[in-house]
Amino acid sequence: MDKLYYPFETFNQNFQNELNVIKKINAEKNQKYGKEGNFFSSFQLIWDLGIMPIENFLVMRGILDKFNRIVNLKAKKSNAVSWEGIKESVYDMVGYALLLHAYLQCRKNNKFDWNTALGSIDSLISYIMKTFVEKNSDYSSKTTDEEAQKKQNAIENFVIVEKCWLSTTEDGIMARIAIKVQRIINLLVNKADEKSLWAEILDFIVYCLILNLVLDWKALPTKTNN
């Protein structure tokens, strides 16, 4: 098995599976948030005490902390236990990114109830699933032509760093995630328009899921010919 070649058909199915996992985890974890009709009341104290805006806390506690944990776990280059820790941290980062998106939408509409928050999260997950798979569906046909096969490789744009001996594919994806985190922070600090922020959150979530998929793909046993 060529670990630098990930066929679109398999990739798209696995991507949808990852989103379903995110949806399940998110539904379970969201039960601990909110009270008295305010989904974000668990984070309200941060704002009430004048420590920082809620959106900044979600980025710092939920995204930056988890990203640093992933970097530290990956640096250990140890066994599957560390890999499970990485996967769990990626799911946590995506969960907080979804919460960030939901909070910004609720703030925009001045509605912080459970239905509005959870509806915003579900809508974003559905949007990602629909648009991402549709975008890649044109490459799902089988072919033996080398150039066409490259186009059919779902991770072609990511493996180039590994093919050129610059870095591993997963480290390249993590670099893109780091850039997205920095852009999200800059947009929050500069109070940029929500459309730009939404686009960066969307890209951040997609890159996180791709990171998990690539690490899973590389962890599969390599087939050898007898």
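What comes next concerns the included structure. As the structure is a prediction and not an experimental result, all values here were calculated from the model. (Residues numbered from 1 in each chain as written. Predicted model: local features only at pLDDT ≥ 70, side-chain atom pairs only at ≥ 80, totals over all residues. Heavy atoms only, no water.)

### Quick look at the packing of aromatic side chains
Here is step 1: In this structure the tally under the stated criterion is 11 aromatic pairs.
Here is step 2: With a centroid separation of 5.2 Å and 80 degrees between ring planes, the pair formed by F40 and Y103 is classed as edge-to-face. Here F40 is found in the loop between α1 (8-29) and α2 (44-48), whereas its partner Y103 is found in helix α4 (residues 80-109), with 63 residues between them in sequence.
Here is step 3: Overall, F40 belongs to the buried group, its relative accessible area being 1%.
Here is step 4: The exposure class of Y103 is buried, given its relative accessible area of 9%. (Phe/Tyr/Trp six-rings, centres within 6.5 Å; stacked < 30°, edge-to-face > 60°. Helix = DSSP H or I, 4+ residues; strand = E, 2+ residues; numbered from the N terminus. Buried < 20%, exposed > 50% of the residue type's maximum accessible area, 1.4 Å probe, protein only.)

### Some words on the environment of V181
Here is step 1: Along the polypeptide, V181 turns up in helix α8 (residues 169-189).
Here is step 2: Here V181 falls in the buried class, since its relative accessible area comes to 5%.
Here is step 3: V181 sits 122 residues away from V59 along the chain, and the two C-alpha atoms are 8.1 Å apart.
Here is step 4: Excluding residues that lie within four positions of it along the chain, V181 makes contacts with I63, L64 and F204. (Contact = heavy atoms within 4.5 Å.)

### Side note on a nonpolar patch on the surface
Here is step 1: Judged by side-chain polarity, L45, L49 and I51 come together as a nonpolar surface patch covering roughly 320 Å² of accessible area.
Here is step 2: Looking at the secondary structure, you find L49 in the loop between α2 and α3 (54-76).
Here is step 3: Among the residues examined, L49 registers a relative accessible area of 57% and is labelled exposed. (Patch = residues over 30% accessible without salt bridge, like charges linked within 9 Å, V, L, I, M, F, W, Y side chains within 5 Å. Areas by Shrake-Rupley, 256 points an atom, 1.4 Å probe, with all protein chains shown as cover. Salt bridge = Lys/Arg side-chain N within 4 Å of Asp/Glu carboxyl O.)

### Comments concerning the nonpolar core
Here is step 1: Counting 67 residues, the largest nonpolar core has F15, F204, I205 and I210 as its most contacted members.
Here is step 2: Elements that contribute at least two residues to this core include exactly α1, α3, α4, α5 (114-136), α7 (156-163), α8 and α9 (194-219).
Here is step 3: In terms of residues, this core owes the most to one element, α9, which gives 15 residues.
Here is step 4: The contact partners of F15, leaving out residues within four places of it in the chain, are I128, F132, V206, L209, I210 and L213. (Core = buried A, V, L, I, M, F, W, Y, C linked by side-chain atoms within 4.5 Å.)

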